[in-house]
Amino acid sequence: MAEKSTMKPPRFRLEFWGVRGSYPTPDKTTLAYGGHTSCVEAAVGAHHLIFDAGTGIIPLGKKFANGRSGPQHLNLFLSHTHHDHVFGFYFFEPLFRPGNRICVFGPGSPEMSLHDTLRAAMEPRFFPVKLQDINANSKFYSLQGGERIALRDSRDLPRVERGAGGEAGNGVTILVKKSKAHPNGVLLYRINYRGKSAVYATDVEQKNGGHPDIVHFIRGADVLIHDAQYLNREYHSATNPRKGWGHSTVERAAEVAKRGAVKRLILFHHEPTHDDETITAMEKRAQGIFPATTAAYEGMKLDLFRLR
Ligand SMILES: [Zn+2]
Ligand SMILES: [Zn+2]
């Protein structure tokens, strides 16, 4: 069934609720960019999409819970299940509201489904609330990369298809790519809607010039949200090199944006030991390579239909 978006102007808005990598930083020196870990909200067409459940999803959950719009249909996409990307999941209020429907997408295989992984993380040894205590109508989708997720009418369940094919029409589609450029792998997501696109590519360690498969995946996107955790001198430090830790330098993020001919680069997953001043300097550094760069900060909003 087609969505009723023809009656409203098309909507593709992003809001950043958590931009920090690795662990939350409530220190005074990091408040300008913010201390919550990864979470990006995307309001696309008639759909609510959320990327990652770092601690930034906690205030987002309160916003949904305080709204008076009745039951909600939410779609949560996890890049991977490292702690900094799921710690807010357990505190996401809409999960505990009967009547809500939450579809959770994330890495999983026949041996270990996404549901099994999250259930293990919520065992009583680790957390007092069990996964089965969630009283929203929750559905878990294990992804391995290569899928195409179609969201049509917001009342219908998402359709997960493997490979290309099929036309979304006016609906929202999300392409899933698996990358090995992070310990234990990571999923990258590309949202396409009415000729506009945004890519969520956190926790990815680019090589010089970028991984060709990722450059291909991001090509021409209006917005690229990309890991830019390190300074060159940290990455190549003689005493404590960060090479192999699964994150990119700000220079590599900018080079990849340039190579992929995206329209706008958003530096994301900020290193927790970097203060505001350092991140501002990193933004300038990236702009020297790719001018249309902004360092993500908590509360930042982008409207893809109004980007210059
Ligand atoms: Zn991370
Ligand atoms: Zn990670």
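Conventions used here
Residues numbered from 1 in each chain as written. Chains lettered and ligands numbered in written order. Predicted model: local features only at pLDDT ≥ 70, side-chain atom pairs only at ≥ 80, totals over all residues. Helix = DSSP H or I, 4+ residues; strand = E, 2+ residues; numbered from the N terminus. Rg over C-alpha atoms; globule rule 2.2 N^0.38 Å. Buried ≥ 20, exposed ≤ 12 C-beta atoms within 10 Å, placed from the backbone. Contact = placed C-beta atoms within 7 Å. Core = buried A, V, L, I, M, F, W, Y, C linked by C-beta atoms within 7 Å. Pairing = 2+ DSSP bridges. Axes fitted to C-alpha atoms, helices over the stretch in contact; angles between N-to-C directions.

> Looking at this structure, how should I read the overall build of the chain?
The secondary structure content of the chain amounts to seven helices and 15 strands. Relative to its length of 308 residues, the chain is compact, with a C-alpha radius of gyration of 18 Å against a globular reference of 19 Å. Taking all 308 residues of the chain together, the buried fraction comes to 49%. A sequence separation of at least 24 residues applies to 69% of the contacts in the chain between residues at least 6 apart.

> Which parts of the structure should I look at to understand the environment of Lys62?
Inspection of the secondary structure puts Lys62 in helix α1 (residues 57–66). Taking the C-alpha atoms as reference points, Lys62 and Phe91, 29 residues apart in sequence, are found 9.6 Å from one another.

> Would you mind showing me how to read the nonpolar core here?
Soluble, globular proteins show a tendency: their nonpolar side chains are buried together. Counting 80 residues, the largest nonpolar core has Leu188, Val199, Leu224, Leu265 and Leu267 as its most contacted members. Ranked by the residues each element gives to this core, the list is headed by strand β10 (residues 186–193), at six residues. When sequence neighbours within four positions are dropped, the list of residues in contact with Leu224 reads Val199, Ala201, Ile218, Ala257, Gly260, Val262, Leu265 and Ile266.

> Where do I start with the environment of Arg125 in this structure?
The residue Arg125 is located in the loop between α3 (114–121) and β6 (137–143) in this model. On the basis of neighbour counts, which here come to 6 C-beta atoms within 10 Å, the residue Arg125 falls in the exposed class. Taking C-alpha positions, Arg125 is 36 Å from Leu151, a pair spaced 26 residues apart along the chain.

> I tried to follow the sheet that holds strand β3 (residues 47–51) on my own but got confused; where do I start?
Note: strands within a sheet are paired through backbone hydrogen bonds, in either parallel or antiparallel orientation. Taking strand neighbours across the sheet as the criterion, the seven strands line up as β6-β5-β4-β3-β2-β1-β15 in an open arrangement whose pairing is mixed. Here the strands that pair on one side only, and so sit at the sheet edges, are β6 and β15 (301–303). Strand after strand, the sheet turns through a mean of 20 degrees between neighbouring axes, direction not considered. As judged from the five bridges shared by strand β4 (residues 73–77) and strand β5 (residues 101–107), these two strands associate in the parallel manner. If you follow His73 over to β5, its bridge partner there is Arg101. Those strands touched by α3 are β5 and β6, and its axis lies near 115 degrees from that of β6.

> Mind showing me how you'd approach the sheet that holds strand β13 (residues 264–268) here?
Taken together, eight strands build an open sheet; the order of strands is β8-β7-β9-β10-β11-β12-β13-β14 and the sheet is mixed. This sheet does not close on itself; its edge strands, each paired only once, are β8 (159–162) and β14 (293–295). For this sheet the average axis-to-axis angle between neighbouring strands, irrespective of direction, equals 20 degrees. Where strand β7 (residues 147–151) lies against β8, four bridges are found, and the strand directions are antiparallel. Looking at β8, one finds that Ile149 is bridged to Val160. Across the sheet, helix α7 (residues 276–289) touches β13 and β14, and the angle it forms with β14 is around 170 degrees.

> Looking at this model, I keep getting lost on unusual backbone geometry. Mind explaining?
A negative phi angle is the norm for most residues apart from glycine, just as the trans form is the norm for most peptide bonds. Of note, the phi angle at Arg194 is positive, near 45 degrees, even though the residue is not glycine. Tracing the chain through its elements places Arg194 in the loop between β10 and β11 (196–201). For Arg194, a count of 18 C-beta atoms within 10 Å translates into the label partly exposed. Backbone geometry places Asp203, a non-glycine residue, at a positive phi of 50 degrees. Within the secondary structure, Asp203 is located in the loop between β11 and α4 (212–218).

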